[in-house]
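# Structure at a glance
Take a look at the letters that make up each chain.
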Amino acid sequence: MARPVSYNVNEKPLVNDISMAAMPDGYQGEGFFASKLSDVVGLARKNSIWPLPFATSCCGIEFMATMASHYDLARFGSERLGFSPRQCDLLMVMGTIAKKMAPVVKQVYLQMAEPRWVIAVGACACSGGIFDSYSVLQGIDQIVPVDVYVPGCPPRPEAILDGVMRIQDLIGKESIRRRNGEQYKNLLNSYGIQ
Ligand code: SF4
């Protein structure tokens, strides 16, 4: 006997409350709207993040779930994954990074154009996780500056989404002058990056 196949016959109600990106503060009148350039650039950047997934182990699988239809990272404007560092602005490091691999992660970071951001996903990328051993890097912030840490072993897709939303907050509020400032240059210098 053939196995019965069930289809989803229940029609989903149409939802009309699709939320739009929030408008920046500003002044408006008939036919005009004035705002700060920094806010407008931040709005565009935060809603069009291009992630570069650097996945080495189990946390990468959670990221795959985050990209799939149920969690759907595309809702945040981040569906365009890039594997060319020169096109991406968000490095997502997911998994155990061995010391031998550290120069590769750094090279990928260096090949990304400014402005660029970094998320360490999972205990291994944040701190080495359970691998307190001679061969494992005890956190990627030893080689590149990290903007957001997502804890967990592995973090659930919800936690990864939360990390992306925190990066969005950072990006939206970042001044367009920050990357030219002394403080940022000193941060990069502390990693030996000119
Ligand atoms: S944090 Fe846990 S789940 Fe993620 S790569 Fe390390 S061992 Fe695997």
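My aim in this report is to walk through the structure given alongside it, one point at a time. Worth saying up front: this structure is predicted, and the values here are computed from it rather than measured. (Residues numbered from 1 in each chain as written. Predicted model: local features only at pLDDT ≥ 70, side-chain atom pairs only at ≥ 80, totals over all residues.)

## Describing the overall build of the protein
- Across its full length, the protein carries 6 helices and 6 strands.
- From first element to last, N terminus to C terminus, the protein shows the α and β order β-β-α-β-α-β-α-β-α-β-α-α.
- Reported as C-alpha extents along the three principal axes, the dimensions of the protein are approximately 70 × 55 × 25 Å.
- Counting across all 194 residues of the protein, residues that qualify as buried make up 27%.
- For the protein, contacts bridging at least 24 residues in sequence account for 76% of all contacts bridging at least 6. (Helix = DSSP H or I, 4+ residues; strand = E, 2+ residues; numbered from the N terminus. Buried ≥ 20, exposed ≤ 12 C-beta atoms within 10 Å, placed from the backbone. Contact = placed C-beta atoms within 7 Å.)

## Details of the packing of helix α1 (residues 37-46) against helix α5 (residues 157-173)
- Direction vectors running N to C along α1 and α5 enclose 155 degrees, while the axes themselves pass 7 Å from each other. With respect to their mutual orientation, α1 and α5 come out roughly antiparallel. Considering how the two elements wind past one another, α1 and α5 form a crossing that is right-handed. Every residue of α5 that contacts α1 at Gly42, Leu43, Arg45 and Lys46 is listed here: Gln168, Ile171, Gly172 and Lys173.
- Of the residues belonging to the contact of α1 with α5, the class tally is 2 nonpolar, 3 polar and 3 charged. (Axes fitted to C-alpha atoms, helices over the stretch in contact; angles between N-to-C directions. Parallel < 35°, antiparallel > 145°, perpendicular 65-115°, else oblique. Left-handed = near helix turned anticlockwise from the far one by under 90°. Nonpolar A, V, L, I, M, F, W, Y, C, P; charged D, E, K, R; others polar.)

## Things to note about the site of the ligand
- Around the ligand, a shell composed of Ser57, Cys58, Cys59, Gly95, Thr96, Gly122, Ala123, Cys124, Gly129, Cys153 and Pro154 is seen.
- Those elements giving two or more residues to the shell around the ligand turn out to be α2 (58-67) and α4 (122-127).
- Per element, the largest residue contribution to the shell around the ligand is 3 residues, and it comes from α4.
- Among the residues forming the shell around the ligand, the class breakdown is 6 nonpolar, 5 polar and no charged. (Near = placed C-beta within 6 Å.)

## Quick word on the environment of Tyr27
- Note on placement: Tyr27 falls in strand β1 (residues 26-29).
- With 8 C-beta atoms counted inside 10 Å, the residue Tyr27 sits in the exposed group.

## Here we look at the environment of Leu81
- Residue placement: Leu81 occurs in the loop between α2 and β4 (90-94).
- Assessed through the 15 C-beta atoms surrounding it within 10 Å, Leu81 is described here as partly exposed.
- Note: C-alpha distance between Leu81 and Arg178 (97 residues apart in sequence) is 25 Å.
- Each residue touching Leu81, except ones within four places of it in the same chain, is listed here: Pro51 and Pro53.

## Some remarks on the sheet that holds strand β5 (residues 117-121)
- With parallel pairing, 4 strands are arranged side by side in an open sheet as β3-β4-β5-β6. The strands lining the two open edges of the sheet, one partner per strand, are β3 (51-55) and β6 (148-150). Ignoring which end each strand starts from, the neighbouring axes of this sheet average 20 degrees apart.
- The strands that α5 touches are β4, β5 and β6; relative to β5, the one it contacts most, it runs at about 160 degrees. (Pairing = 2+ DSSP bridges.)

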